Amino acid sequence: YDYAVVIMKGSFKITPNQPRLVLADEPATIFQGDEHYGDPVETSVRYESDTSLLKRGTDIVVHGHAYAPRNHAVLAQDVSLQVGGLKKTCRVFGDRHWEKSLTEWGYSQPVQFDRLPLLYENAYGGIAAAGPGDQPPAASPGNPLGKGYIGPKAKPTEGLPLPNLEDPRYVIQKWQDRPPLTGFGYISRGWQPRITLAGTYDGQWQKKRHPLLPMDFDDRYFNGAHPDLITPKPLAGGEHVTLTHLSESGVLEFDLPVWHDPVTVFM
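Residues numbered from 1 in each chain as written. Predicted model: local features only at pLDDT ≥ 70, side-chain atom pairs only at ≥ 80, totals over all residues. Heavy atoms only, no water.

**Some details on the overall build of the protein**
- Each helix and strand counted, the protein has one helix and 15 strands in total.
- Projected onto the principal axes, the alpha-carbon positions of the protein cover approximately 75 × 60 × 30 Å.
- Considering the protein as a whole, with its 267 residues, one finds that 37% of them fall into the buried category.
- The contacts of the protein with a sequence gap of at least 6 include a subset with a gap of at least 24, amounting to 58%.
- Split by element, the accessible area of the protein, about 16100 Å² in all, is 53% carbon and sulfur. (Helix = DSSP H or I, 4+ residues; strand = E, 2+ residues; numbered from the N terminus. Buried < 20%, exposed > 50% of the residue type's maximum accessible area, 1.4 Å probe, protein only. Contact = heavy atoms within 4.5 Å. Areas by Shrake-Rupley, 256 points an atom, 1.4 Å probe, with all protein chains shown as cover.)

**Here's the deal with the pairing of strand β14 (residues 240-244)**
- One ladder, built from four bridges, connects strand β6 (residues 76-83) with β14; its direction is antiparallel. Paired with Leu81 across the two strands is Leu243, which belongs to β14. (Pairing = 2+ DSSP bridges.)

**Considerations on the packing of aromatic side chains**
- With the rule as written, the count across this model stands at eight aromatic pairs.
- Residues Tyr120 and Trp191 carry aromatic rings whose centres are separated by 5.9 Å and whose planes lie at 75 degrees to one another, so their mutual orientation is edge-to-face. Of this pair, Tyr120 sits in the loop between β10 (115-117) and β11 (124-125) while Trp191 sits in the loop between β13 (165-166) and α1 (203-208), and the two are 71 residues apart along the sequence. Side by side, Tyr120 and Trp191 carry an identical accessibility label, which is buried.
- Ring plane angle 75 degrees and centroid distance 4.9 Å describe the contact between Tyr201 and Trp205, whose orientation is recorded as edge-to-face.
- An aromatic cluster of three or more residues is present, and its members are Phe217, Tyr221 and Phe222.
- Stacked on the ring of Phe93, the Lys or Arg Arg96 has its end atom at 3.9 Å from the ring centre.
- Over the ring of Tyr107 we find Arg96; its NZ or CZ atom is 5.4 Å from the centre of that ring. (Phe/Tyr/Trp six-rings, centres within 6.5 Å; stacked < 30°, edge-to-face > 60°. Lys NZ or Arg CZ within 6 Å of the ring centre and 35° of its normal.)

**Some thoughts on the nonpolar core**
- Residues Leu81 and Phe184 are the most contacted members of the largest nonpolar core, which totals 30 residues.
- Taken together, the elements giving at least two residues each to this core come down to β6, β7 (86-93), β14 and β15 (251-255).
- Among residues more than four places away in sequence, those in contact with Leu81 are Ile60, Val62, Leu86, Lys87, Lys88, Phe184, Leu229, Val241, Thr242, Leu243 and Leu246. (Core = buried A, V, L, I, M, F, W, Y, C linked by side-chain atoms within 4.5 Å.)

**Some words on the pairing of β15**
- Alternating positions in β15 separate cleanly, Leu252 and Phe254 being buried on one face and Val251, Glu253 and Asp255 remaining unburied on the opposite face.
- Inspection of the sheet shows β14 paired to β15 by five bridges, in the antiparallel sense. Counted as the bridge partner of His240 is Asp255 from β15.
- Counting the residues that bridge the hairpin from β14 to β15 gives six residues, and of these His245 lies at a positive phi of roughly 60 degrees.

**Focus on the side chain of Asn164**
- Here Asn164 is to be found in the loop between β12 (147-148) and β13.
- Its relative accessible area of 1% is what places Asn164 among the buried residues.
- For Asn164, the side chain forms a polar contact with the side chain of Lys147, separated by 2.7 Å. (Polar contact = N/O pair within 3.5 Å; in protein donor to acceptor, adjacent residues only side chain to side chain.)

**As for the side chain of Glu121**
- By the element assignment, Glu121 lies in the loop between β10 and β11.
- Although Glu121 lies buried, it forms no salt bridge, and the closest oppositely charged side chain, Lys147, sits 9.7 Å away as judged by the N-O distance.
- Here Ser44 takes part through its side chain, which lies 2.8 Å from a polar atom of the side chain of Glu121.
- Ignoring any residue separated from it by four or fewer positions in sequence, one finds Glu121 in contact with Glu42, Thr43, Ser44, Leu145, Gly146 and Lys147. (Lys, Arg positive; Asp, Glu negative; His and termini not counted. Salt bridge = Lys/Arg side-chain N within 4 Å of Asp/Glu carboxyl O.)

**Some remarks on the sheet that holds β7**
- A sheet is described by the order of its strands in space; here five strands give the open sequence β13-β7-β6-β14-β15, paired in antiparallel fashion. Unpaired on one side and paired on the other, β13 and β15 mark the two borders of the sheet.

**Overview of unusual backbone geometry**
- That bond from Gln192 to Pro193 is cis: its omega, 0 degrees, falls within 30 degrees of zero.
- Structurally, Pro193 is set in the loop between β13 and α1.
- Of note in this structure, His245 is not a glycine but carries a positive phi near 60 degrees.
- By the element assignment, His245 lies in the loop between β14 and β15.
- Its relative accessible area of 16% is what places His245 among the buried residues.

**A look at the environment of Ser140**
- Of note, Ser140 is situated in the loop between β11 and β12.
- As for Ser140 and Trp191, which are separated by 51 residues in sequence, their C-alpha atoms are 8.9 Å apart.
- With residues near it in sequence (within four places) discarded, Ser140 still touches Gly125, Gly126 and Tyr149.

Okay, structure coming up:
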């Protein structure tokens, strides 16, 4: 099959206390492949490829930091994003670690912060310490780059970092807790739960279907944002956006632009 996919992309300037966005002077970059924050093996995805067969909804992603109110350092701070009727909140903690008191495990007092990067490297996940004998280290299937992951048959170790980003609905209370991934960035194509949507690439696919996508491929795989930040249908423009503690101004509000340009495709 042949596909013609039209990509239109724009950058807009956000001005505090101004609801209207202004088209930026510099054109937006169209990414032909995923761009990471650094080494693709060691860092999360910053910008996902703009080339895709389709997206049933809009990916909503925030790059940047969580900010303490009025730049006063805090131990923890809730940050939130709302676009139209969709809202997501993360609880952001300063650096913490597991520590043992007698026979009980607890976590240390968070270190104060005034801003903290919103990266999946700071969310729950990571690679657990190697198991006994020849057991290899276990990696979190949802985020092998994060903090705080403890293998299925392991216990915490003194000084093991806890995640900085947590979902307020699933805050870690004890070391046995395994909270779902939370954050505002793109989820890597090989992480759970996204990878489960990619379909089955087995011998039958190789013989009867290759190079087409497998029959059990789910096109929701094309959306790369956190599942909480994928809209049921594409945004139309005009939706109100509220960012809380995601900028130095505390609360930042604006309306998404309503932007129409005619496109003609000649086959």
